[in-house]
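Examination of the molecular architecture
Each chain is listed here by its residues.
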Amino acid sequence: MDKRARRGAGLSPADLALAAVAAGALALSFWLNVRFGEVTLERISSDSMRVHVDFETFWRSAEAFLRGGDVYNTGATLENLNPPLWILLSSPLGLLEPLVAYRVFVLICLAAMVGVVAWSAREARLEGGWAAAASGAVLLSSPLLATLALGQIYPLLALGLVAAWAAQRRGRGGLSGGLLGLVVAVKPSLAPVLLLPLALGRWRTLAAALLSGAAATLVAAAAVGFGATLEWAGMLLSSSASPFWDNASLPATAARLFTENRFARPLALLPWMVPAAQLLGVALVVLTALRARHDPEAGLWALVAASLLASPIAWHNYLLLVVPGVILLLGRGKAAVAGLLLSLQLIPPQWPLLWQQGTALASLMLSLYALILLLHWAALLPPRPSS
């Protein structure tokens, strides 16, 4: 049965249930924006660099690099956990005034995200109406708007992942691996995606990924300075799972629910749950890599989601990295599942404002974004093949 026939068939009870939940998520998003106001668009247009705090962080590092200063001790509001390669790639922005550089970067990221959706739709052979609907949902999604407001790099990483996906589909394993290696060099927490070519025995792809990632890191370390590179590595290794509500990873969720923190009332004081959640994240990565052998295309995006679940930090905005996987589901006729995931991405950052009571229920509700990430992983995980 082809895709049109599948879409034309009657909806199953499960599909109807998913559609109902998706409708509820849309209604919730609308109500939250009406009650609290749509603030993210105001943040994007703000002239204050304190609002665009992530961009300010790496702009200061880029500017310091150009004048020969310390790229990881710049006086920025946030600690810079970006690797030397990103500092090198973003260094041209240091030639511009901060606000001008931010606005240029927003346009670049917006164009990149449009490219991600269009390219993914083409690879998934998504029809015009469905592609338009997916595009509208992504462009209005909370992760994209917040990413643009803060000045984060996820659209560029997503574009690199889509390019690697498309190259592999065309049998260009070396190019695909090279692109994957560069993405991991910019965002080391995505390293588990390299398990895909390993699990599939795509040795050329794996070798290209390791070579490109190592070469790019070495060149950047030489340019930025090996001392600065060691400083970055030390900061990265010492970073912990922030219990902030927007952190959707498994270790962060455990820290929020089972340790003392200022963001939520712990359900119980069980600090050992944090390392347990880290081990669970590793187990999910291994499981996903094994399942990916049966469906490498969905498996790639499931591995991206598993990487985020296992990482100490996976902000809700990281969901942009799995948008191509959602579009792939839509192209395969799984409209109910894909529609639910896209609807959940529309829930705005005003959600935590409803849950400030300090109760156990409020603590659970503050972990909604972790549940959303987990649902993306579960939807993309290739099923176990029937015997």
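Look up a bit, the structure's there.
Summary of the structure given here. Counting of residues starts from 1 at the beginning of each chain's written sequence and follows it residue by residue. Since the coordinates come from a predicted model, pLDDT governs what is reported: local features require at least 70, and pairs of side-chain atoms require 80 or more to be given and counted, while whole-chain, interface and lining totals use all residues. In computing side-chain properties, one takes all heavy atoms of the structure into account and sets aside hydrogens as well as water.

**Comments concerning the nonpolar core**
Residue types Ala, Val, Leu, Ile, Met, Phe, Trp, Tyr and Cys, when buried and joined through side-chain atoms within 4.5 Å, form a set referred to as a nonpolar core. The classification of residues rests on relative accessible area computed with a 1.4 Å probe and restricted to protein chains. Under 20% of the type maximum is buried, over 50% is exposed, and intermediate values are partly exposed. If you look at the biggest cluster of nonpolar residues, it comprises 107 residues, and the most contacted ones within it are Phe-55, Trp-301 and Leu-321. The element contributing the most residues to this core is helix H16 (residues 296–310), with ten residues. Whether two residues are in contact is decided by their heavy atoms: any pair within 4.5 Å suffices. Contacts of Phe-55, omitting those with residues within four sequence positions, involve Met-49, Leu-93, Pro-98, Ala-101, Tyr-102, Phe-105, Leu-150 and Gly-151. Residues Ala-64, Val-71, Ile-87 and Met-235 belong to the second largest nonpolar core, which totals eight residues. In DSSP terms, a helix is any run of H or I states spanning at least four residues, a strand is any run of E spanning at least two, and both are numbered starting from the N terminus.

**Section: the layout of surface pockets**
In this structure, the largest pocket spans a volume of roughly 1,500 Å³. Within this scheme a cavity is a closed region of a 1 Å grid, computed over the protein atoms alone, that accommodates a 1.4 Å probe without allowing it to escape, whereas a pocket is open but has protein on both sides within 12 Å along at least five of seven lines; lining residues each have an atom within 4 Å of a point. In terms of lining residues, the largest pocket is bounded by 49 residues, among which Leu-81, Lys-187, Ile-313, Trp-315 and Tyr-318 are the most central. Put simply, the parts of the chain that give the lining of the largest pocket at least two residues each are helix H4 (53–66), helix H8 (142–150), helix H13 (226–238), helix H15 (273–292) and H16. When residues in the lining of the largest pocket are grouped by element, the largest group, four residues, is from H4. Grid points are joined across faces, edges and corners, and a volume is the space filled by probe spheres set on the points.

**So, the packing of aromatic side chains**
Working definition: a ring pair exists when centres of Phe, Tyr or Trp rings (six-membered ring for Trp) sit within 6.5 Å. Plane angles under 30 degrees give stacked, over 60 give edge-to-face, the rest tilted. Tallying each qualifying case throughout the model produces 13 aromatic pairs. Relative to Phe-263, the ring of Phe-244 has its centre 5.1 Å away and its plane inclined at 70°; by these criteria the two rings are edge-to-face. Remark: Phe-263 occurs in the loop between helix H14 (250–258) and H15 and Phe-244 occurs in the loop between H13 and H14; sequence separation between them is 19 residues. Residue class for Phe-263 comes out partly exposed when judged on its relative accessible area of 24%. Linked through ring pairs, Phe-55, Phe-58, Trp-86, Tyr-102 and Phe-105 together constitute an aromatic cluster.

**Considerations on helix H12 (residues 203–224)**
Working note: α-helix, 3.6 residues per turn, so residues spaced by three or four point in the same direction. Every helix has an expected span of 1.5 Å times one less than the residues it contains. The first and last C-alpha atoms of H12 sit 31 Å apart over 22 residues, in line with the 32 Å expected at 1.5 Å per residue. The elements touched by buried residues of H12 are H4, helix H5 (84–90), helix H9 (154–169), helix H10 (173–186), helix H11 (195–200) and H13. Just past H12, the residue Gly-225 takes up positive phi, approximately 120°.

**Observations concerning the environment of Arg-265**
Relative to the assigned elements, Arg-265 resides in the loop between H14 and H15. Given the relative accessible area of 48%, Arg-265 is considered partly exposed. Once the C-alpha coordinates of Arg-265 and Glu-56 are considered, the two residues, 209 residues apart in sequence, prove to be 32 Å apart. The contacts of Arg-265, once residues within four sequence positions are left out, are Gly-358, Thr-359, Ala-360 and Ser-363.

**Quick look at the packing of helix H6 (residues 98–123) against helix H7 (residues 128–139)**
Contact pair H6 / H7: the axes reach a minimum separation of 10 Å and the direction vectors enclose 150°. Classified by the angle their axes make, H6 and H7 are roughly antiparallel. Handedness of the crossing formed by H6 with H7: right-handed. Between H6 and H7, the contacting residues are Leu-110, Met-113, Val-114, Val-117 and Ala-121 on the first element and Ala-131, Ser-135, Val-138 and Leu-139 on the second. Here the residues of the contact of H6 with H7 are counted per class, giving eight nonpolar, one polar and no charged. With axes taken as lines fitted to C-alpha atoms, and helix axes fitted only over the stretch in contact, angles between N-to-C directions fall between 0 and 180 degrees. Roughly parallel covers angles under 35 degrees, roughly antiparallel covers those over 145, roughly perpendicular covers 65 to 115, and oblique covers all other angles. Left-handed is the label given to a crossing in which the near helix is rotated counterclockwise from the far helix by less than a right angle, and right-handed is the label when the rotation is clockwise. Gly counts as polar in this scheme, as do all residues outside two lists: the nonpolar Ala, Val, Leu, Ile, Met, Phe, Trp, Tyr, Cys and Pro, and the charged Asp, Glu, Lys and Arg.

**A look at the side chain of Ser-61**
Positionally, Ser-61 belongs in helix H4. Not counting chain neighbours up to four residues away, the residues in contact with Ser-61 comprise Val-71, Thr-74, Asn-80 and Ile-87.

**Some points on unusual backbone geometry**
The phi dihedral of Arg-125 falls on the positive side, at around 55°, and the residue is not glycine. As for its position among the elements, Arg-125 is in the loop between H6 and H7. Residue Arg-125 is classed as exposed on the basis of its relative accessible area, which comes to 61%.

**As for the side chain of Thr-259**
The residue Thr-259 is located in the loop between H14 and H15 in this model. Under the rule applied, a polar contact is a pair of N or O atoms within 3.5 Å (in protein, one hydrogen donor and one hydrogen acceptor; residues adjacent in sequence only if both atoms are side-chain atoms). Here the side chain of Thr-259 touches Ala-255 through a polar contact of 2.5 Å, landing on its backbone oxygen. Discounting residues that sit within four places of it in the chain, Thr-259 has contacts with Ala-254, Pro-266, Ala-268, Leu-269, Pro-271 and Val-274.

**Structural notes on helix H18 (residues 335–344)**
Along H18, seven of the ten residues are buried, which leaves the element largely enclosed by surrounding structure. Residues of H18 that are buried include every one of Ala-336, Ala-338, Leu-340, Leu-341, Leu-342, Ser-343 and Leu-344, and no others. Contacts from the buried residues of H18 go to helix H2 (13–36), H7, helix H17 (323–331) and helix H20 (368–380).

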